[in-house]
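# Coordinates in review
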Amino acid sequence: MWIRPEEVLVAHALWSTERANPYFILQSRKGHVGASGLASLIVGTLDSILEKAQSYRILHQTPRSEVYYAVALTDSKKDIQQHWEWIEQNLLQTLDNFDSEDDVTEFVKCKIESLRFTSEDPVAEDDDDDTKRFKSASHRFHKLFNMPKEEKLVNYYSCSFWKGRVPRQGWLYLSINHCCFYSFFLGKEAKLIIRWTDITKLEKSNTILGPEGIKVVTKEGKHYFSMFMRSDDTFRLMQQLANIAMKQLLSEEAFEQDHDLPSRVKKKTRKVSTLKRDLDARARSETYRIKFRLPALEKLDGDVECQLWTPYNKHFVWGMMFLSRNYICFGSRVRGRPVLEEDLRNLTQVPDLVYLIIPMRDVCVVEKCKNDLRTHDAILITTKRKENFLFAELQDRQFIIEKISEMLSKFMVNRYSMCKAILDSSRMRLITTNEPVAPEAEDGFKLQQALIRDFNQRSDSTMRNEHIKVEAWWRHFNDFGRGISSYRTADAYELILKGIPEALRGELWMVYSGALNEMQTHPGYYQELVKQSTGKMNLAVEEIERDLHRSLPEHKAFQSDEGIAALRRVLTAYAFRNPTIGYCQAMNIVTAVLLLYSNEEEAFWLLTAVCERLLPDYYNTKVVGALVDQGVFEDLVKQHIPNIAKKLESMGMINMVSLSWFLTIFLSVISFDAAVNILDCFFYDGAKMIFRIALNIMDVNQAQLAEMKDDGDGMEVLTKYLERIQNYDYLNEQQKHKKDVEPINIREFIRESYMKFGLISDMDINLKRLEHRLKVVQSLEEVTKKNVVRSIMDACLLTKDEINDLYEAFKEEYNTSFSWGKYQPQDPSEKYDPNKPYYQLFKIDFDQFTMLFNGTAPWGCGIETDQLVARVFKSLDVNQTGMINFKDLSQCIGIMYRGELTEKLKFFFGIHLIDLPPPSEPAMKRPSMSASSSFDDSEQKSLSPRVSISEGGADDENPPDSSLRQIAAILNREWNRPNILQRENSRADLKSLPKMNQARFIQMWKTLYNMFADHVNEQKLYHAVAVVGTLLLEIGEVGKKFYHPVNEKNPDKGKSVVAEPDEDPSPSEPVHETDETAAIPQTVSGPTQQAPESGMTFYEQNQPIEVPEEDAKPDGDLEQDKDQFQAQLQDQEQDQDQPQAQAQLQDQEPDQHQPQEQLQDQDLEQDQLQGQYLDLDQLQDQDQDQDFQIVDNYFTADSPEHKPQHMSSDSSWSVIDDDQESFPSRMAKPDELWSITFEQFVASFLTEPDIVEFFEKPGSLQERIKKFRNRRILSPGLSQDSD
């Protein structure tokens, strides 16, 4: 690229001159291009370490001056050559006209400056060095590792990679899907590519000789990196990228960069890449949402330090104001500390902390306040409920006011559009957040109110206790406020520890969980879901119906129709809202408790908060979240109760008990009245409350657990202890003081849990979750792989190891398509259907199949690869859905590598009976790729016209072609292992496929001819293909004369002869298709045959027409008729060959128009020049002097004397005159009466050992898969040490 002219002090040091003229010098950097010699190797090593990647430059110098100016600098040889050519063509002649060398230099400087600004990719003046360096590093990353443009680089770091005991200094590149390392040392480069989805463990470690480093553990081994300048920043980013990859494996959603990053309140001092800033913003937003219980899509816009006036104690509290699109939040902290993620920690750690949430939907006025003795730079925010919130000491008050005003204007527009779209169709009125929704819905059901109101059977003493707690909460509301915008302090926490009264439990659950925010911003959403899901059935609904009467069966509320109906509606509505989760056991128990204390709509939003925010991934099909928290709990036990940690782990006690505790939030193991107190704290504190309770249970019983002999003893100890936990508010004095078993007060138990384990924070849990999510997801992926492999072991010919390797390549390509946004995931309800086999979990489209086929199949090379891949894909995609599964791929590859020769040939023959639609149809397209280019995703060049495959679904109006189904069924029978092992070696297998006409034969031979590119025996294989092709052409000609004799008296009236019993019935004329989607044209056996009846079978439709009765012969005269017919053919051929004798003699002489290479090989291929077989080298040659061309399934002859001698005069190979007018008239159509059988095809193949060996020995599948998976590491020209 052109650069601003800069003076160069030393022109020739470390650079080699390649080209020069009087005014310019083109140089290449030593050690970069063709490195040789110690000096070049040292220079290349230093440049790699110091990130000096530019390999070429152009210098300007006048003849009498010793000053050089750099005018162009690039890493591409192509670009530098273009710049040099432009200089020679446009500048040199002009520069010769100047009298002064100073004028020459000034002119060159001005010209180069203008080129910089008029170039296609100019560099902005305000771009700093960091931005330029990152662009250069991104270009180097894509070039070194052959990455496509969809793979975005996040950041890169200088570090050392430990290969054994020797560190290799280089650069670590972190992208969205890969962790890559590159090092160049003394002419030897080292590359390492690790997919984030392959990482099983990521941790900090210390090497023996180096400082703190990072250890990356994958399925293949361990990798150590050290010598980081910012190790904490690097490790945090690697954790985040690995976490994103694990979530992609679970959800199959592509990573989408946020191109609308909110403008920051504080400008960053260090500029980083846009993607890195996006990931940093995601991390901060996630911490922000967890702390303030905000919706999942809320993004943090900025933060600013300020003071908040707290009216309950008449003080200002220092803290941070957080701004987002829909909320203004405040969290107090100690002034003077830097803003860290650790600031958003548990409130109970410091009693004086307070935090506040102000929804934008409630804000009415934002105004400045006058400065006085106590307040400076203050603003006052007033809500619709006449609540005032005073913020002071804002450093940039005007900017904050403008920012809040901007967000308020956007919120009002969004709210107006949302409310306008939500209409009550029965009353035609707007449903807004200020107007409550009517309890009666359109389909007649009433929103069920809290069931505890109708089914409350508390004693008088219990009700007195409830009244006391209600009075305490009313006093709290008067001091700290009520609702979402109340001041949240330790006083509220003390009241929650005592237990929330039943009358206020539903309301406070909604406030502290954040479910109230989602319900108020989605008015009418639940009613619409109920309306859409009523009466519909799927797998989730069936499971819900089975579990309805198992939900708190001891409670009278769920022994009634009202409670069961409300529970059914809530669970069904959520299953339709989130089909990825659908329904999971334990959701019914949690929802039943929610319905007791909140109305039906509130219960739905509380369930949404639990499943999607508070306990993420707990209730999906694999309960991944619960399994992850099992590992977190195990780590916490080792950290806080080390005395029994090893014994619990050895007996599997933690995994045995924790799953039921976590999924039901202790509702299934502790008495109901006591468990709801735990639920109170859970909605206030989140998931860390569950770990505190579980740790306290283990800690209290550690003495007894240490003496247990087996897991049964441990379960008995824990069960008896949990049965003792009761709520004293609902016990009488006699129950409280039992002599045999004294109950444990749940209130004291919770307080004890906080006192012992109160330092466990959300941040600690999230970090441990990330560590264990890698392990859990990888173990689930391994289980899935084993299930898939086991499900197809008996259905294909590959070995278990080969299927494992093929699955790894298949899954990598599958995951890559999602991460790069090239493919959308399938319906979760269909994908996770347990009734479907495991291999149906993952499906790939045509583009993905093309990449896998080119990388793994032994036939995937040559310019006809497009057509071959399209035919194979269409034979696999019988239902025309545009997708195939792993079983289809493995069976196809299995035949190519492990099948018998006849099976391979049958597969090859069968797929060429399938016709592809013309390229003009709208279709999926894929460029062909050779064996070498198939491994490079970044730059795929089309070597032949693209092939199109028509898309279609199973529900289209036109069903898939029956002929395609027949061919696919025949091929699929060949692919199954049981059929191959049990099949007898009979000639019937060779007759199962229909005959092939000449047009399909030509296309098949083009494919076969191009399969031998770069093969060791390439010339021998071409020779064998030519011999077999000529033999089959002659067989087809003879068969045409036998089955379709011409009646001399009436040429228009043809007869068909009944075939022998051991021969396949032969059609005489193909039916011309009009349907573009037909795969295999049906053939009929005579020009007078009528269309087949709809009830006829595929075999019956291909039977020849019977000879009319007056012309029919007895069966005994069949052989006599054949002899007479053959004698007539010989007489006709003798009569026709006499006029052509002279022409044949001329054809034996060397043609003057033949290529010189063929004339030199005249002695070796004399039989070829005599016309004994057809040379397909000439057929494929695109030179104008070729004898024959194959162009879109047509033969073209250049002159009459080049007509093949084996063709008779009545053949359809018509001679084309050069004097004919148009191009279409110069093309001879294939013979419609010509055909061959599969049996003839196989017999001809067996005559050539070279081509038989090619099909019988395809090579090693595992080697091809390894090469395919490592294709991004391979780079020619340098000695490598790659992983």
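Residues numbered from 1 in each chain as written. Predicted model: local features only at pLDDT ≥ 70, side-chain atom pairs only at ≥ 80, totals over all residues. Heavy atoms only, no water.

## Concerning the side chain of Asn727
In plain terms, the rule: Helix numbers and strand numbers start at the N terminus; a helix is a DSSP run of H or I with at least 4 residues, a strand a run of E with at least 2. The buried label applies to any residue whose accessible area, calculated with a 1.4 Å probe on protein chains only, is under 20% of its type's maximum; exposed applies above 50%, and partly exposed to all values in between. Throughout this description, a polar contact denotes any pair of N or O atoms lying within 3.5 Å of each other; where both atoms belong to protein, one of them has to be capable of donating a hydrogen while the other can accept it, and for residues adjacent in sequence the pair is counted only when both atoms sit in side chains. The contact criterion used is simple: two residues touch if any of their non-hydrogen atoms lie within 4.5 Å.
Within the element layout of this structure, Asn727 appears in the loop between strand 22 (725–726) and helix 25 (733–736). Residue Asn727 is classed as buried on the basis of its relative accessible area, which comes to 5%. A polar atom in the side chain of Asn727 sits 3.1 Å from the backbone oxygen of Asp673. When residues no more than four places from it in sequence are discounted, the contact partners of Asn727 are Asp673, Ala674, Asn677 and Ile746.

## Remarks on the pattern of salt bridges
Formally: Think of a salt bridge as a Lys or Arg side-chain nitrogen and an Asp or Glu carboxyl oxygen that are within 4 Å of each other.
Taken as a whole and assessed by the stated rule, the structure comprises 39 salt bridges. Put simply, Glu494 and Arg751 hold a salt bridge, and the shortest N to O gap is 3.3 Å. In this pair, Glu494 sits in helix 10 (residues 490–498) while Arg751 sits in helix 26 (residues 746–757), placing the two residues 257 residues apart along the sequence. For Arg751, a relative accessible area of 26% puts it in the partly exposed group. With a closest N to O distance of 3.0 Å, Arg550 and Asp547 form a salt bridge. Its relative accessible area of 5% is what places Asp547 among the buried residues. Here the residues in one salt-bridge network are Lys219, Glu782, Lys785 and Glu808, joined through shared partners.

## Side note on the packing of aromatic side chains
Counted only if it meets this: Whether two aromatic rings pair depends on their centres lying within 6.5 Å, for rings of Phe, Tyr and Trp, where Trp uses its six-membered ring; planes under 30 degrees apart make the pair stacked, over 60 edge-to-face, and the rest tilted. In this scheme, the term charge over a ring applies when either NZ of a lysine or CZ of an arginine sits within 6 Å of the ring centre and within 35 degrees of the ring normal.
Under the counting rule described, the total for this entry stands at 63 aromatic pairs. With centroids separated by 4.7 Å and ring planes inclined at 20°, the aromatic side chains of Tyr1009 and Tyr1022 adopt a geometry described as stacked. One end of the pair, Tyr1009, is in helix 36 (residues 998–1009); the other, Tyr1022, is in helix 37 (residues 1018–1043), with 13 residues separating them in the sequence. You can call Tyr1009 buried: its relative accessible area is 9%. Judged by relative accessible area, which is 12%, Tyr1022 ranks as buried. The ring of Tyr355 has Lys291 sitting right over it, with the charged end atom 4.8 Å from the ring centre.

## Some thoughts on the environment of Glu612
As for its placement among the helices and strands, Glu612 is situated in helix 17 (residues 600–614). Distance from Glu612 to Pro295, taken between C-alpha atoms, is 9.5 Å for residues 317 residues apart in sequence. The residues contacting Glu612, other than those within four sequence positions of it, are Tyr574, Arg577 and Asn578. Polar contacts involving the side chain of Glu612 include one to the side chain of Arg577, which spans 3.1 Å.

## What about the confidence of the model for the protein chain?
Predicted coordinates in areas of low pLDDT are best not read in detail. What counts is decided by this rule: Values of pLDDT, the confidence the predictor places in each residue, fall between 0 and 100.
Of the residues in the protein chain, 67% have a pLDDT of 70 or more, and the chain-wide mean is 74. This stretch, residues 1132–1227, has a pLDDT under 50; its non-local contacts, to residues over four places away or in other chains, come to 127 contacts.

## Examining the sheet that holds strand 3 (residues 24–29)
To keep it simple, the criterion reads: When DSSP finds two or more bridges between a pair of strands, those strands are recorded as paired. Note on geometry: axes are C-alpha line fits, over the in-contact stretch for helices, and angles between N-to-C directions span 0 to 180 degrees.
Strands sit in the order 1-5-4-3-2 across an open sheet of five strands; the sheet is antiparallel. Across the chains shown, the open sheet's two edge strands, defined by having one partner strand only, are strand 1 (2–8) and strand 2 (15–20). Ignoring strand direction, the axes of neighbouring strands in this sheet form an average angle of 30°. Two strands pair when backbone bridges link them, and strand 2 and strand 3 are joined in this way by five bridges, in the antiparallel orientation. Residue pairing across strands places Ser16 opposite Ser28, the latter belonging to strand 3. On top of the sheet, helix 2 (residues 77–90) reaches strand 1, strand 2, strand 3, strand 4 (56–60) and strand 5 (68–74); it is set at about 20° to strand 4, its chief contact.

## Considerations on the sheet that holds strand 19 (residues 388–392)
Strand pairing in a sheet relies on backbone hydrogen bonds, with the paired strands running either antiparallel or parallel. The strand order 16-15-14-13-19-18-17 describes an open sheet built from seven strands, whose pairing is antiparallel. Of all strands in the sheet, those bounded by a partner on one side alone are strand 16 (355–359) and strand 17 (363–369). With direction set aside, neighbouring strand axes in the sheet form an average angle of 30°. Where strand 13 (residues 300–310) lies against strand 19, two bridges are found, and the strand directions are antiparallel.

## What about a negative patch on the surface?
Quick reminder of the rule: Patch membership requires over 30% relative accessible area and the absence of a salt bridge. Like charges are linked within 9 Å, and nonpolar side chains (Val, Leu, Ile, Met, Phe, Trp, Tyr) within 5 Å. For the accessible areas, the method is Shrake-Rupley and the probe is 1.4 Å, while residue cover comes only from the protein chains on display. We score Asp and Glu as negative and Lys and Arg as positive, and we do not count His or the chain ends. Note that the charge is assigned to NZ on lysines, CZ on arginines, CG on aspartates and CD on glutamates.
Residues Asp99, Asp102, Asp103 and Glu106 make up a contiguous surface patch of negative charge. With respect to the helices, strands and loops of the structure, Asp103 is situated in helix 4 (residues 101–118). Note on Asp103: relative accessible area 41%, which makes it partly exposed.

## Focus on unusual backbone geometry
Glycine aside, the phi torsion of most residues is negative, and most peptide linkages are trans. The backbone of Arg293 shows a phi angle near 55°, a positive value even though the residue is not glycine. Looking at Arg293, the relative accessible area reads 7%, which means it is buried. The phi angle at Gln880 is positive, at roughly 55°, despite the residue not being glycine. Relative to the helices and strands, Gln880 resides in the loop between helix 31 (865–876) and strand 25 (884–885). By relative accessible area, Gln880 is classed as buried at 13%.

## Some points on the state of the cysteines
Under the convention used in this document: Here, a disulfide means two cysteine sulfur atoms that sit within 2.5 Å of each other.
For the structure shown, the criterion picks out zero disulfides. Not part of a disulfide, Cys179 finds its nearest cysteine sulfur in Cys180, a span of 6.7 Å.

## Digging into the nonpolar core
So the rule is basically this: Think of a nonpolar core as a cluster: buried Ala, Val, Leu, Ile, Met, Phe, Trp, Tyr and Cys residues, connected wherever their side-chain atoms sit within 4.5 Å.
Grouped together as the largest cluster of nonpolar side chains are 156 residues, with contacts concentrated most on Phe558, Met587, Tyr619 and Trp661. With sequence-adjacent residues up to four places away left out, Phe558 is seen in contact with Leu451, Ser551, Leu552, Gly563, Ile564, Leu567, Ala592, Leu595 and Leu596.

## Structural notes on the packing of helix 21 (residues 672–685) against helix 22 (residues 688–700)
Here is the rule: With respect to orientation, any angle under 35 degrees is reported as roughly parallel, any angle over 145 as roughly antiparallel, any angle of 65 to 115 as roughly perpendicular, and every other angle as oblique.
Two numbers describe how helix 21 lies on helix 22: the axes approach to 8 Å, and their chain directions differ by 135°. Judged on the interaxial angle alone, helix 22 and helix 21 are oblique. Side by side, helix 21 and helix 22 meet where Ile678, Cys681, Phe682 and Asp685 of the first sit next to Lys688, Met689, Ile690, Arg692 and Ile693 of the second.

## Here's the deal with the packing of helix 6 (residues 231–251) against helix 27 (residues 762–792)
Defined as follows: Crossings are classed by handedness, with left-handed meaning an anticlockwise turn of the near helix from the far one by less than a right angle and right-handed meaning a clockwise turn. Just so you know the grouping, Ala, Val, Leu, Ile, Met, Phe, Trp, Tyr, Cys and Pro go in nonpolar, Asp, Glu, Lys and Arg go in charged, and all remaining residues, Gly too, go in polar.
Taken N-terminus to C-terminus, the directions of helix 6 and helix 27 make an angle of 40°; their axes are 10 Å apart at the nearest point. The orientation of helix 6 with respect to helix 27, classified from their angle, is oblique. Taken as a pair, helix 6 and helix 27 cross one another with a handedness that is left-handed. Counted together, Gln239, Gln240, Ala242, Asn243, Met246, Leu249 and Leu250 of helix 6 and Leu767, Leu770, Arg773, Leu774, Val777, Gln778 and Glu781 of helix 27 form the full contact between these two elements. For the contact of helix 6 with helix 27, the class distribution of residues is eight nonpolar, four polar and two charged.

## Some words on helix 21
Our working rule: To estimate how far a helix should extend, the number of its residues minus one is multiplied by 1.5 Å.
Helix length check: helix 21, at 14 residues, gives a terminal C-alpha distance of 20 Å against a target of 20 Å (1.5 Å per residue), a fit within 8%. Most of helix 21 is tucked away: 13 of the 14 residues are buried.

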